[in-house]
Amino acid sequence: MIRFACKEDIGNIMRFISEHWRENHILSRDRELFEFQHLWKDEVTFVLSEQQGEIDGLLGYIPYGSGKRDVMLALWKTLKTPDSMLGVKMLDFLRKDPGVNRISAPGINPRTEPIYQFLGMPTGCMKHWYRLRKGSLYKIALVRDFRIPEVSVTDFQIKECDTFEEFLNFCPEECLMKEHHPYKSFDYLKRRYFFHPSYHYLKYGICGKGKKLVVILRIQECKGSFALRVIDGIGDEELLEYFTSFMDGLMEQYGCEYADCYEAGVQAEVMERGGWKLVAETNNVIPEYFSPFEQRNVEIYFMSQIPQAVLFKGDGDMDRPN
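**Student:** If you had to explain the packing of aromatic side chains to someone new, which residues and values would you point to?
**Tutor:** Pairs of aromatic rings are described using the distance from one ring centre to the other and the angle between the two planes. A full pass over the atoms with the stated rule returns 17 aromatic pairs. Ring geometry for F164 and F194: centres 5.4 Å apart, planes at 80°, overall edge-to-face. Linking F164 in helix α6 (residues 164–170) with F194 in helix α7 (residues 186–194), this pair joins segments that are 30 residues apart in sequence. Given the relative accessible area of 10%, F164 is considered buried. When the ring of Y204 is compared with that of F243, the centres are 6.4 Å apart and the planes differ by 45°; the resulting orientation is tilted. Within this pair, whereas Y204 is found in strand β11 (residues 202–208), its partner F243 is found in the loop between β13 (225–235) and α8 (244–254), the two being separated by 39 residues in sequence. For F243, a relative accessible area of 2% gives the class buried.

**Student:** A description of the layout of surface pockets should follow, citing residues and the corresponding values.
**Tutor:** There is about 200 Å³ of room inside the second largest pocket. Considering the residues around the second largest pocket, the lining is formed by C125, M126, K127, H128, Y262, L278, V279, A280, N297, V298 and E299. In the lining of the second largest pocket, the residues fall into seven nonpolar, two polar and two charged.

**Student:** Any details on the nonpolar core? Residues and values, ideally.
**Tutor:** Counting residues in hydrophobic clusters, the biggest one holds 30 residues, and the most contacted among them are M126, F167, C171, L189, Y193, V214 and L311. For this core, the secondary-structure elements that each account for two or more residues are α6, α7, β12 (211–222), β13 and β14 (256–264). Broken down by element, the residue count for this core peaks at four residues, all from α7. Once residues lying within four places of it in the same chain are set aside, the contact partners of Y193 are Y201, K203, I216, I231, D232 and G314. L240, C256, L278 and V310 belong to the second-largest nonpolar core, a separate cluster that totals 27 residues.

What counts and what doesn't
- Residues numbered from 1 in each chain as written.
- Predicted model: local features only at pLDDT ≥ 70, side-chain atom pairs only at ≥ 80, totals over all residues.
- Heavy atoms only, no water.
- Phe/Tyr/Trp six-rings, centres within 6.5 Å; stacked < 30°, edge-to-face > 60°.
- Helix = DSSP H or I, 4+ residues; strand = E, 2+ residues; numbered from the N terminus.
- Buried < 20%, exposed > 50% of the residue type's maximum accessible area, 1.4 Å probe, protein only.
- 1 Å grid on protein atoms, 1.4 Å probe; cavity = no way out; pocket = protein on both sides within 12 Å on 5 of 7 lines; lining within 4 Å.
- Points joined across faces, edges and corners; volume = space filled by probe spheres on them.
- Nonpolar A, V, L, I, M, F, W, Y, C, P; charged D, E, K, R; others polar.
- Core = buried A, V, L, I, M, F, W, Y, C linked by side-chain atoms within 4.5 Å.
- Contact = heavy atoms within 4.5 Å.

Shape descriptors only; they carry no functional weight alone.
Here it is, written out as structure tokens:
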């Protein structure tokens, strides 16, 4: 039987994750984080498959609001059963739900791409960009190419949105309704970036040429050093190119070795004019995994039903503690 989870299932889901996904996985031992990520009001955001009262498959998802909303897939695991299509049936169960608009999934296993393509869900690989800080000692990154593109200082208005009220004053509803972006409700954004139980996010609004963008960042500590990570962009993503000189100042302020950004759907020219370089086009190593730390480059694959989807690392469950 395939069904949606309820609150009474949470303990069993956490146990299943520990026994069949990874022992000591954070979602199997941290109830607060589990509920932050997978309890949306009274909805436990998992599809379950059961046989004789025992879970034999689960599919997590993260809703971006209430009603008919865009959702992101998260943890997906099925046991070996006589039904080789069980995982596909669970995904089909979710996408046919009246409360689901469009499904996306950053962080998919590339081996599952044929499943999504079979279901008519396009896949791709996110681009990984970086920008070094001049004069930094690099402990997190492995740097062989030290070139840093020059950028012009702009007079675009940039302001910090430290509180949700400041965010609302800067970011009107139309910022949330951009073509190619998943629609993220104010309720979701408030919860995600202002009340995260483990992470503190920096939020900056940039305004110019009749457009607005809120850039979400997080400082990552590792090995006694720091990196500045671009986590999300709410609004007109083309304004990213005008954020760079301000971001350089943030790297100086916080002592960050570099900034990095995983994205899909942003025009490459925007990032290049903004002084970013593609990791894949250099011999530099800009790590993705920090707990535990792995000094290697990582490709992040994605699926999305949104045409030419604009996605960032903050979408789905990629930016969470491990």
